[in-house]
Amino acid sequence: MARRGRQALFFLLPMLILVVAFYILPLILTAWISFTPLTNWRVRDQLDDFVGLENYVNLYYLARYDPDFHKVLQTTLVFVTFTLFINVVGGLVLAILTYLIDERISLAYRLLWLLPRMTPLAVFGLLWYYFFYGGPQGTLNSFLLKLGVIDEPVRWGTDPAMLPYSAWAIIVFVNGLVGVSYGMIIFYSAFKNIPRELIIAARVDGARTWEVIRHILVPMVRWHIVFVTVWQLLSLITSYTHLFVLVQWSVVDKWYGTTLALYVFNTAFFDVKNQGFAAAAAVILVIIGSILGLVTLRIMRFSQMISPPRGDI
Amino acid sequence: MVEVRLEGVTKRFGRVTAVNNVNLTFGDGEFTALLGPSGSGKSTILYLVAGIYKPSKGRIYFGDRDVTDLMPNERNIGLVFQNYALYPHMTVYDNIAFPLKLRKTPPEVIRDKVLEVAKFLHIHELLDRYPAQLSGGQQQRVALARALVKEPEVLLLDEPLSNLDALLRIKIRSELKRIQKELGVTAIYVTHDQSEALAMADKVVVINRGVIQQEAPPDTIYNEPRNVFVASFIGSPPANIFPATMDYTEEPCINLPGGTRHCVEDEYAGVLWRMKPSKVIVGFRPEHAEIVENPVDGRPVIVGEVYTVEPLGRENIVTVASEDIHLKVITPPEVRPEAGELVYVAVEKGKLMLFDPQTEVNLRYIAREWSQGG
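What counts and what doesn't
- Residues numbered from 1 in each chain as written.
- Chains lettered and ligands numbered in written order.
- Predicted model: local features only at pLDDT ≥ 70, side-chain atom pairs only at ≥ 80, totals over all residues.
- Heavy atoms only, no water.
- Axes fitted to C-alpha atoms, helices over the stretch in contact; angles between N-to-C directions.
- Helix = DSSP H or I, 4+ residues; strand = E, 2+ residues; numbered from the N terminus.
- Parallel < 35°, antiparallel > 145°, perpendicular 65-115°, else oblique.
- Left-handed = near helix turned anticlockwise from the far one by under 90°.
- Contact = heavy atoms within 4.5 Å.
- Nonpolar A, V, L, I, M, F, W, Y, C, P; charged D, E, K, R; others polar.
- 1 Å grid on protein atoms, 1.4 Å probe; cavity = no way out; pocket = protein on both sides within 12 Å on 5 of 7 lines; lining within 4 Å.
- Points joined across faces, edges and corners; volume = space filled by probe spheres on them.
- Buried area = accessible area lost by both parts, 1.4 Å probe.
- Salt bridge = Lys/Arg side-chain N within 4 Å of Asp/Glu carboxyl O.
- Polar contact = N/O pair within 3.5 Å; in protein donor to acceptor, adjacent residues only side chain to side chain.
- Pairing = 2+ DSSP bridges.
- Buried < 20%, exposed > 50% of the residue type's maximum accessible area, 1.4 Å probe, protein only.
- Core = buried A, V, L, I, M, F, W, Y, C linked by side-chain atoms within 4.5 Å.

Quick word on the packing of helix H4 (residues 136–148) of chain B against helix H5 (residues 166–183) of chain B
The packing of two helices is summarised by the inter-axis angle and the distance between the axes.
All names here are of chain B.
Here is step 1 of the chain: Taken N-terminus to C-terminus, the directions of H4 and H5 make an angle of 15°; their axes are 12 Å apart at the nearest point. With respect to H5, the axis of H4 lies roughly parallel. Where H4 crosses over H5, the two elements pack in a sense that is right-handed. Of the residues in H5, those in contact with Gly137, Gln140, Arg141, Leu144 and Leu148 of H4 are Leu168, Lys171, Ile172, Glu175, Leu176, Ile179 and Leu183.
Here is step 2 of the chain: Grouping the constituent residues of the contact of H4 with H5 by class yields 7 nonpolar, 2 polar and 3 charged.

Here's the deal with empty space enclosed by the protein
Here is step 1 of the chain: Tallied over the full model, the rule gives 3 cavities of 30 Å³ or more.
Here is step 2 of the chain: Its boundaries defined by the atoms lining it, the largest cavity holds a volume of some 50 Å³.
Here is step 3 of the chain: Every residue along the wall of the largest cavity is listed here: Leu121(B), Gln140(B), Arg141(B), Leu144(B), Ile172(B), Glu175(B), Leu176(B) and Ile179(B).
Here is step 4 of the chain: Put simply, the parts of the chain that give the lining of the largest cavity at least two residues each are H4 and H5 of chain B.
Here is step 5 of the chain: Considering each element in turn, the lining of the largest cavity owes the most residues, 4 residues, to H5(B).
Here is step 6 of the chain: Here the residues of the lining of the largest cavity are counted per class, giving 5 nonpolar, 1 polar and 2 charged.
Here is step 7 of the chain: Within this model, the second largest cavity holds a volume of roughly 40 Å³.
Here is step 8 of the chain: Lining the second largest cavity, in full, are Ala201(A), Val204(A), Asp205(A), Leu79(B), Phe81(B), Ala143(B), Arg146(B), Ala147(B) and Lys150(B).

A closer look at the interface of chain B and chain A
Here is step 1 of the chain: On the side of chain A, 17 residues touch chain B, which itself brings 20 residues to the contact.
Here is step 2 of the chain: Around 1,600 Å² of area is buried between chain B and chain A when both sides are counted, 67% of it from carbon and sulfur atoms.
Here is step 3 of the chain: Per-residue buried area on chain B facing chain A is highest for Tyr87(B), His89(B) and Leu102(B); these three make up 29% of the total on that side.
Here is step 4 of the chain: The interface formed by chain B and chain A includes 3 salt bridges.
Here is step 5 of the chain: Across the salt bridge formed by Asp205(A) and Lys150(B), the nearest N and O atoms sit 3.2 Å from each other.
Here is step 6 of the chain: In this structure, the connection of chain B to chain A is made through 7 residue pairs in polar contact (both at pLDDT 80 or more).
Here is step 7 of the chain: Looking at the side of chain B that touches chain A, the elements that each hand over two or more residues are strand S6 (77–80) and helix H2 (92–102) of chain B.
Here is step 8 of the chain: Sort the elements by how many residues they give to the side of chain B that touches chain A and H2(B) lands first, with 3 residues.
Here is step 9 of the chain: Within the side of chain B that touches chain A, the residues separate by chemical class into 14 nonpolar, 3 polar and 3 charged.

Some points on the sheet that holds strand S13 (residues 261–263) of chain B
Residue and element names in this part refer to chain B.
Here is step 1 of the chain: Judged by pairing direction, the sheet is antiparallel, and its 5 strands sit side by side in the order S13-S12-S11-S14-S20 without closing on themselves. Each end of this open sheet is capped by a strand with a single partner; those strands are S13 and strand S20 (353–355). The sheet shows a mean angle of 40° between the axes of neighbouring strands, direction not considered.
Here is step 2 of the chain: In this sheet, strand S12 (residues 253–255) lies alongside strand S11 (residues 240–247) in antiparallel orientation, the contact comprising 3 bridges. Within S12, the position partnered with threonine 245 by the bridge is asparagine 255.

Notes on the pairing of strand S17 (residues 316–322) of chain B
Residue and element names in this part refer to chain B.
Here is step 1 of the chain: A large share of S17 lies buried, amounting to 7 of its 7 residues.
Here is step 2 of the chain: Residues Asn316, Val318, Val320 and Ser322 of S17 are buried on one face, and the alternating residues Ile317, Thr319 and Ala321, pointing to the opposite face, are buried as well.
Here is step 3 of the chain: One ladder, built from 6 bridges, connects strand S16 (residues 301–311) with S17; its direction is antiparallel. Note on S17: the bridge partner recorded for glutamate 310 is isoleucine 317.
Here is step 4 of the chain: Hairpin remark: S16 followed by S17, antiparallel, with 4 residues in the connecting loop; positive phi at glycine 313, about 90°.
Here is step 5 of the chain: Sheet analysis places S17 next to strand S18 (residues 325–331), joined by 7 bridges and oriented antiparallel. The residue bridging asparagine 316 from the neighbouring strand is threonine 331, located in S18.
Here is step 6 of the chain: What sits between S17 and S18 in their antiparallel hairpin is a turn of 2 residues, with glutamate 323 showing a positive phi close to 50°.

Details of the layout of surface pockets
Residues and elements named next belong to chain A.
Here is step 1 of the chain: Size it by volume and the second largest pocket reaches roughly 590 Å³.
Here is step 2 of the chain: As for the second largest pocket, its lining consists of 22 residues, and the residues nearest its centre are Pro26, Thr30, Val264, Phe269 and Ala282.
Here is step 3 of the chain: If you list the elements that add at least two residues to the lining of the second largest pocket, you get helix H1 (2–33), helix H13 (260–270) and helix H14 (275–299).
Here is step 4 of the chain: Split by residue class, the lining of the second largest pocket holds 19 nonpolar, 3 polar and no charged.

Some thoughts on the side chain of Gln194(B)
All names here are of chain B.
Here is step 1 of the chain: Here glutamine 194 lies in helix H6 (residues 194–200).
Here is step 2 of the chain: The class of glutamine 194 is buried, set by a relative accessible area of 17%.
Here is step 3 of the chain: Apart from the residues within four sequence positions on either side, glutamine 194 is in contact with Leu35, Phe233, Ile234, Gly235 and Ser236.

Description of the sheet that holds strand S19 (residues 342–347) of chain B
Residues and elements named next belong to chain B.
Here is step 1 of the chain: Read across the open sheet, the 5 strands follow the order S15-S19-S16-S17-S18; overall the sheet is antiparallel. In the strand order of this sheet, the two ends are held by strand S15 (289–292) and S18, each with one partner. Put simply, the sheet's adjacent strands are angled 45° from each other on average, direction ignored.
Here is step 2 of the chain: Across 4 bridges, the pairing between S15 and S19 is antiparallel. Residue pairing across strands places valine 292 opposite tyrosine 344, the latter belonging to S19.

Section: the nonpolar core
Here is step 1 of the chain: Judged by nonpolar contacts, the single largest core of 106 residues is most densely connected at Phe191(A), Leu6(B), Leu34(B), Phe62(B), Leu79(B) and Leu156(B).
Here is step 2 of the chain: No other element matches the 14 residues that helix H8 (residues 165–192) of chain A contributes to this core.
Here is step 3 of the chain: For Leu79(B), the contacting residues outside a window of four places in its chain are Ile200(A), Val204(A), Leu46(B), Tyr47(B), Ala50(B), Ile52(B), Ala147(B) and Leu156(B).
Here is step 4 of the chain: Counting residues in hydrophobic clusters, the runner-up holds 48 residues, among them Leu126(B), Ala143(B), Ile179(B) and Ile234(B).

Considering helix H12 (residues 241–248) of chain A
Residues and elements named next belong to chain A.
Here is step 1 of the chain: Counting buried positions along H12 gives 6 out of 8 residues, so the element sits mostly inside the fold.
Here is step 2 of the chain: All of the buried residues in H12 are His242, Leu243, Phe244, Val245, Leu246 and Val247.
Here is step 3 of the chain: Where H12 is buried, its residues touch helix H4 (67–100), helix H6 (121–131), H8 and H13.
Here is step 4 of the chain: Phi turns positive one or two residues past the end of H12, at serine 250, with a value near 55°.

Looking at the pairing of strand S4 (residues 57–62) of chain B
Residue and element names in this part refer to chain B.
Here is step 1 of the chain: Pairing geometry for strand S1 (residues 4–13) and S4, over 5 bridges, is antiparallel. Bridge pairing links glutamate 7 to arginine 59 in S4.
Here is step 2 of the chain: Two strands pair when backbone bridges link them, and S4 and strand S5 (residues 65–66) are joined in this way by 2 bridges, in the antiparallel orientation. Across the sheet, phenylalanine 62 pairs through a bridge with arginine 65, a residue of S5.
Here is step 3 of the chain: Counted between consecutive antiparallel strands, the loop separating S4 from S5 contains 2 residues, among which glycine 63 sits at a positive phi close to 65°.

Structure below.
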């Protein structure tokens, strides 16, 4: 048993070092900072100055009474739910389409969908900045003006009359466009691994295309669906880069474009530079992420899919 | 059930012609084996019958019904694959029930039919398992059950035994034949294994490069191969084939390797006189010859040196080198000549096969066609 333990440790060690150095230690540090009043990186003065749960209490009051923070929480919920749906279901639909059509067209089609992912963040952000720009020069505005659909330019992401839905629609759309290709690639390669005979067998058994999709293709990539769902859920909870650009360039409303992750980032590094408070919010975010991740695995019955190891060490 | 007919069927994949102008009839209730090396087009023919491929030219009929343009699900066929192609995420029960569910059969009927076919194939105790929990032989039966539950008019089998171990293969081989006869279903069986084809089939169709080489009952295929390809493909080891020159001074005689001569039997004499080829291709089966110390009686004899002896227990395979030709002879186990020993290979009377060097067709068939043609 001791020998097995040593062997297991040997194989786990490289990853353990990475996890400890880049996840556990920062996490402990963040938790530590969350109990200090650290602001403006005055590390020498404030890092050992404990204030107990003050930051968490502040966070609680903010969540209870601050209307802007309410918007952040709502936005987080809407953003994660809808973008996750687009990323998983949209990715699945795209993968099925590209799987069923001719290989050459399929390749071009998949490349097209990968473009947003290959485009540098700033360029991609700029693209949508121009597209949704509120003045008459904005791409969407100028197009609609020329068509005569609208008479005067619309401030798409910031006009109070259309908030919060317009801002939410924009952030979900822009992020979904980037995220959907991830599921598409994973599902497509999973489909390609399904033996051809299974599809032929289903055809001979009398299955139409829709039935092949429902009874063969989708059930056979169940593992991949769970993986993509959990992965995308956690990335959506914690990622903020695209949102940062959209908010910073005023493509969307400040609060209806800010999720909790972006809020933490802005609080720590950008607006008020209150690292202690941001750390407390970050800790809460980690806890939410962990719980949601586990719940998702539970809902999708991950434990039933784990098979015993293929070999002994 | 139904008769399956291919009329002038050609299938091209890009520039490759996989099946070339095939006319073929699979008899109603008959067990037909499509036999050929890999890449010969035998599986393509099966998939054409299944409707997975559309012919580039020609028509396919099930009885009087033209099915050329019908989808696989409109043809009422059962198909069993080499790797079984069971749906891994479904239980055995669901696998077998799948084709019925797609036909919107009422659940009670599905239940009865699945149980019936499962009992018939002795897999009724495995219905709750998943394919991964079954042995190769059990998976094979499930695949067969899934094909049979539809009560197909035509049962298509694509090398269904080649993933099984040797013992199981022989066991399932006889079982499969019994099942086919019991159900009276028209069966088409693709294989590259000649022993399977000869053992199971009512009729064997030998295919090479997309062209039918011979279409006949197993013993005809074995004893009277239509051409050099069939002779050299069938048998284990296959027939000895070598070229020889002819001599027509008095009667048609073959100059055999090693310097002996053999004057041909009457059945070949006529056709040889008429064609007068300067060369022929000679063939005989290893089991139709023996090693003798002295040339006797009128049997064709070839002189050569023993090259190798392979003892197989029940028999020995002796390879004899004569000039630059290697001949294989199956001998009783006690016949064990030394390598390098000078021996005579005597071929049984009437077992020497002669082929036209141009077309590689068996002269016996040419003679027969001439006598029929008048």
